[in-house]
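Residue-level structural notes
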Amino acid sequence: MTYSKDFEDLAVSALRCCAIDAVQKANSGHPGMALDAAPLVWELFAHHMKHNPANPQWFNRDRFVLSAGHVSALLYSLFYLFGYGIEKEDLASFRQLDSKTPGHPEYAVTPGVEISTGPLGQGLASAVGMAMAEARLAAEFNREGFEIVDHYTYVLTGDGCLQEGVTHEACSFAGTQKLGKLIVIYDRNKITIEGSTDLAFDEDVAARYKAYGWQVLEVADANDLAAISTALDAAKAEKEKPSLIIVQSKIAFGSPLEGLAKTHGSPLGEENVAATKKALGWPEDLGIFELPSSLQEGMKQVRHELAEDERAWRELFSRWQKAWPELAARWDQTFHPDFTGLNEALFREIPSEAEATRKSSGKILNILASELPHFMGGSADLAPSNNTKLNAESAFSPENRQGRNIHFGIREFGMACIMNGLNIHGGILSFCSTFFVFSDYMRSAIRSAALMNLPALFVTTHDSIGVGEDGPTHQPIEQLASLRAMPNLLVFRPADYCESAASYLAALQSGRPSLFAFSRQSLPQLSGSARDISRGAYVLSDKGESLDLILMGSGSEVSLLLQVQDRLLQRGIGSRVVSMPCMELFLEQDESYRSEVIPPEISARLAVEAGASMPWYRFVGDHGAVHGLDHFGISAPGKQLFERFGFTAEALTEEALQLLEKED
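Let us look at the structure shown here.

What counts, and at which threshold
Residues numbered from 1 in each chain as written. Predicted model: local features only at pLDDT ≥ 70, side-chain atom pairs only at ≥ 80, totals over all residues. Heavy atoms only, no water. Core = buried A, V, L, I, M, F, W, Y, C linked by side-chain atoms within 4.5 Å. Buried < 20%, exposed > 50% of the residue type's maximum accessible area, 1.4 Å probe, protein only. Helix = DSSP H or I, 4+ residues; strand = E, 2+ residues; numbered from the N terminus. Contact = heavy atoms within 4.5 Å. Salt bridge = Lys/Arg side-chain N within 4 Å of Asp/Glu carboxyl O. Pairing = 2+ DSSP bridges. Axes fitted to C-alpha atoms, helices over the stretch in contact; angles between N-to-C directions. Parallel < 35°, antiparallel > 145°, perpendicular 65-115°, else oblique. Nonpolar A, V, L, I, M, F, W, Y, C, P; charged D, E, K, R; others polar. Expected span 1.5 Å × (residues − 1). Arc of directions from axis to C-beta. Phe/Tyr/Trp six-rings, centres within 6.5 Å; stacked < 30°, edge-to-face > 60°. Polar contact = N/O pair within 3.5 Å; in protein donor to acceptor, adjacent residues only side chain to side chain.

Points about the nonpolar core
The nonpolar side chains of a soluble globular protein tend to be buried with one another. If you look at the biggest cluster of nonpolar residues, it comprises 83 residues, and the most contacted ones within it are Leu346, Leu368, Phe375, Ile465, Phe492 and Phe647. No other element matches the nine residues that helix α19 (residues 497-510) contributes to this core. If we ignore the near neighbours within four places in the chain, the residues touching phenylalanine 375 are Leu365, Leu368, Ala369, Leu390, Arg404, Leu429, Phe431 and Leu457. Membership of the second largest hydrophobic core comes to 77 residues, among which are Ala206, Met376, Cys432 and Met452.

Thoughts on the pattern of salt bridges
For the structure shown, the criterion picks out 23 salt bridges. Arginine 311 serves as the salt-bridge partner of glutamate 308, at 3.0 Å between the closest nitrogen and oxygen. With glutamate 308 and arginine 311 both in helix α11 (residues 293-323) and three residues apart, the pair spans about one turn of that helix.

What about the sheet that holds strand β11 (residues 429-435)?
The parallel open sheet is built from six strands, whose spatial order is β10-β9-β11-β12-β14-β13. Where the open sheet ends on each side, the last strands, each with one partner, are β10 (405-407) and β13 (490-492). Within this sheet the neighbouring strands show an average axis-to-axis angle of 20 degrees, counted without direction. In the sheet, strand β9 (residues 375-379) pairs with β11 via five bridges, with the strands oriented parallel.

What about the packing of helix α1 (residues 5-26) against α11?
At their nearest, the axes of α1 and α11 sit 10 Å apart, and the two run at 100 degrees to each other. As the angle between them shows, α1 and α11 are arranged roughly perpendicular. Packed against α1, whose contacting residues are Phe7, Leu10, Ala11 and Ala14, the element α11 presents Ser294, Leu295, Gly298, Met299 and Val302 at the interface. Here the residues of the contact of α1 with α11 sort into seven nonpolar, two polar and no charged.

Digging into the pairing of strand β2 (residues 153-158)
The buried fraction of β2 is high, at six of six residues. Of the two faces of β2, the one lined by Thr153, Val155 and Thr157 and the one lined by Tyr154, Leu156 and Gly158 are each fully buried. Direction of pairing for strand β1 (residues 63-66) relative to β2: parallel, over a ladder of four bridges. Residue pairing for β2: arginine 63 is matched across the bridge by threonine 153.

Concerning helix α9 (residues 225-237)
With 13 residues, α9 extends 18 Å from end C-alpha to end C-alpha; this agrees with the ideal 18 Å at 1.5 Å per step. Within the span of α9, buried status applies to Leu225, Ile228, Ser229, Ala231, Leu232, Ala235 and Lys236. Around the axis of α9, the buried residues are gathered within 165 degrees of arc, so they sit on the same side. Exposed positions of α9 whose direction lies more than 90 degrees from the buried face are Ala226, Thr230 and Ala237. For α9, the elements touching its buried residues are α1, α2 (31-48), β2, β3 (182-188), β6 (215-219) and β7 (243-248).

Considerations on the packing of aromatic side chains
For the structure on display, the rule yields 33 aromatic pairs. Ring geometry for tryptophan 42 against phenylalanine 82: centres 5.5 Å apart, planes inclined by 45 degrees, an arrangement best described as tilted. Of the two residues, tryptophan 42 is situated in helix α2 and phenylalanine 82 in helix α3 (residues 72-82); the sequence distance between them amounts to 40 residues. Note on tryptophan 42: relative accessible area 0%, which makes it buried. A residue is classified by how much of its surface remains accessible, and phenylalanine 82, at 0% relative accessible area, is buried. Taken together, a centroid distance of 4.3 Å and an interplanar angle of 25 degrees make the contact between tyrosine 504 and phenylalanine 516 stacked. In this pair, tyrosine 504 sits in helix α19 while phenylalanine 516 sits in strand β14 (residues 514-517), placing the two residues 12 residues apart along the sequence. There is no split in this pair, since tyrosine 504 and phenylalanine 516 are both buried. Each member of the aromatic cluster is reached from another via a ring pair, and the members are Trp58, Phe59, Phe141, Trp313, Phe317, Trp320, Trp331 and Phe335.

Considerations on the environment of glycine 377
Mapped onto the elements of the fold, glycine 377 is located in strand β9. Glycine 377 sits 51 residues away from isoleucine 428 along the chain, and the two C-alpha atoms are 9.7 Å apart. Discounting chain neighbours no more than four positions away, the residues touching glycine 377 are Arg404, Asn405, Ile406, Phe408, Ser430 and Phe431.

Things to note about the side chain of arginine 512
The residue arginine 512 is located in the loop between α19 and β14 in this model. On the basis of relative accessibility, which here comes to 16%, the residue arginine 512 falls in the buried class. Side chain to side chain, arginine 512 and glutamate 588 meet in a polar contact 2.8 Å long.

Observations concerning the side chain of arginine 136
Relative to the helices and strands, arginine 136 resides in helix α5 (residues 122-141). For arginine 136, the residues in contact, after removing those within four places along its chain, are Pro373, Met376, Phe396, Arg401, Gln402, Gly403, Arg404 and Ile428.

Observations regarding the sheet that holds strand β20 (residues 625-627)
Taken together, the five strands give an open sheet; going across it, the order is β16-β18-β17-β19-β20, and neighbouring strands pair in mixed fashion. Each edge of the open sheet is held by one strand with a lone partner, namely β16 (538-543) and β20. Each neighbouring strand pair of the sheet contributes to a mean axis angle of 20 degrees, computed without reference to strand direction. One ladder, built from five bridges, connects β16 with strand β18 (residues 575-579); its direction is antiparallel. In the sheet register, tyrosine 538 faces β18, and the bridge partner there is serine 579.

Focus: helix α12 (residues 325-335)
All of the buried residues along α12 are Leu327, Ala328, Trp331 and Thr334. Summarising the axial view, the buried residues of α12 lie within an arc of 115 degrees, below the 170-degree limit, and thus occupy one face. Across from the buried face of α12, at angles greater than 90 degrees, the exposed residues are Pro325 and Glu326. Next to the buried residues of α12 lie α5 and α11.

Details of unusual backbone geometry
A positive phi angle, close to 65 degrees, is found at aspartate 98, a residue other than glycine. Among the secondary structure elements, aspartate 98 is positioned in the loop between α4 (88-92) and α5. With a phi close to 65 degrees, aspartate 381 is a non-glycine residue in the positive phi region.

Honestly, that's just the spatial picture; any functional story needs more than this.
As structure tokens, then:
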């Protein structure tokens, strides 16, 4: 597509002016990079990216990730210009309540936004997962003459993103995997909030990325559209390496404040906005967010030409379906998975012997892999300990894009972001895994998954002081409470194989982000444990002629509560054991079900869990008690630690009796 220089200059100016007007009207935002990066995104969207503004969800579109999410005013101006459904009114309500133009890009809020990007670095790291998904699906579904999966993942990033450690993790991985369809445009204006990047970031970025195994290209002037185009062509031509295009720019280009750090995150001011528009040659008679008629007419042609890419692809896809009907059927299964049939497969063989729930999880993951062709994942170099290897599958690699085992390396944060990118791309259901205590490394990515409501599966093992000899650095204490506090995240801590299988099933059927905490130590298989835990908690066991006490817990402590129940029964005390593998699901139930499981008239309640006690107080009430851990562990065999900290049938029975005495 070729346009006149005047038209392209006008389009770039429109992006700049709309962005600074949006920031100024909101009196909040980031105008600096919006001014200097406008030519980059124009050149990409107008000449290189395959996309259709009339259908932002077209599958084979190129993906664009604004990793520097604070520059959202530029993204919304781009969507306004190209016709993504953003109107003048939306720009006018930038950063305001219930608008389609929030302060940072939000997935499922603004048409065209591929992923929520706020915390710097996560956009780029997640884009690595998107590029992996494209490679995996292309290897599975493409046939000669039928490249139905063929798209790039583009990222716009800045100095801030490339300082964040998560981009180091993810970009090292991308280079190892030779993800040639990942192209990162680095707007290097050398300014952060505190001032020049020389204060804290003077490394040779090009040398670092070359060492990662990337192709590195450089553009001397962000306003040189021809040079940007040449670099993008070279990036697309490189099939074996991801590409980093370093573009030198000046923050707040064209404004009286050009080059100043304060333009990073503060409006320019009315006078400076007017001066900037004058310097850019913007027509003075136009109102705010108004576009020249010549630009509006020209953009109609741009949109028409962009739509042709989708039309051609749909015609190709239709011919592919007829030529490869078995592949087409698998495509439907991949993109429209049905989890209703999993129940039979998951509970076909239930072990009778005690086993660690991490081992149960490993069996279940392999069943899921056999039933779901789009299921893949891996561990942060802990697969033998996490039991996360898909035994019948090979490893994803540059030589084998159909592999379904991912070796993420020791990169927990990067791993979780990459998994988010895999899941958000479409056509992939992914999991990642590490020790539970290291979920702290992943927390920001888990939070992003929760914000976006992704069907992400975070598999963690070694869930308590049962870790044992590795000591307090590896023994999770506060993690359960911390993660349960996160909105929209389901946290599962199952007690045996059946609860573990039911946890996976509940997570998949909910379509929500879920974290699983599995034990290192062996646990007995419980008689009567639930195969459906979609309601979060249930009555596992009632014993005694009367109900005097409610015992509740999760995971490894549930079997211990059954022992306490038997000891109480010998003293003529009736009790109920409630297993609560998922607090969040239980709290979402109506009051009648919650009261059925935990009758309000029974005030003697004891909750037991080898973690921080705080979450359980909402269930035990004013007269109940919680036996938890509100201090760090120590290095010793796990069994000795449970004894030291009172997690024994004898100690808990005594605690229950004392609780009943208080009731009397």
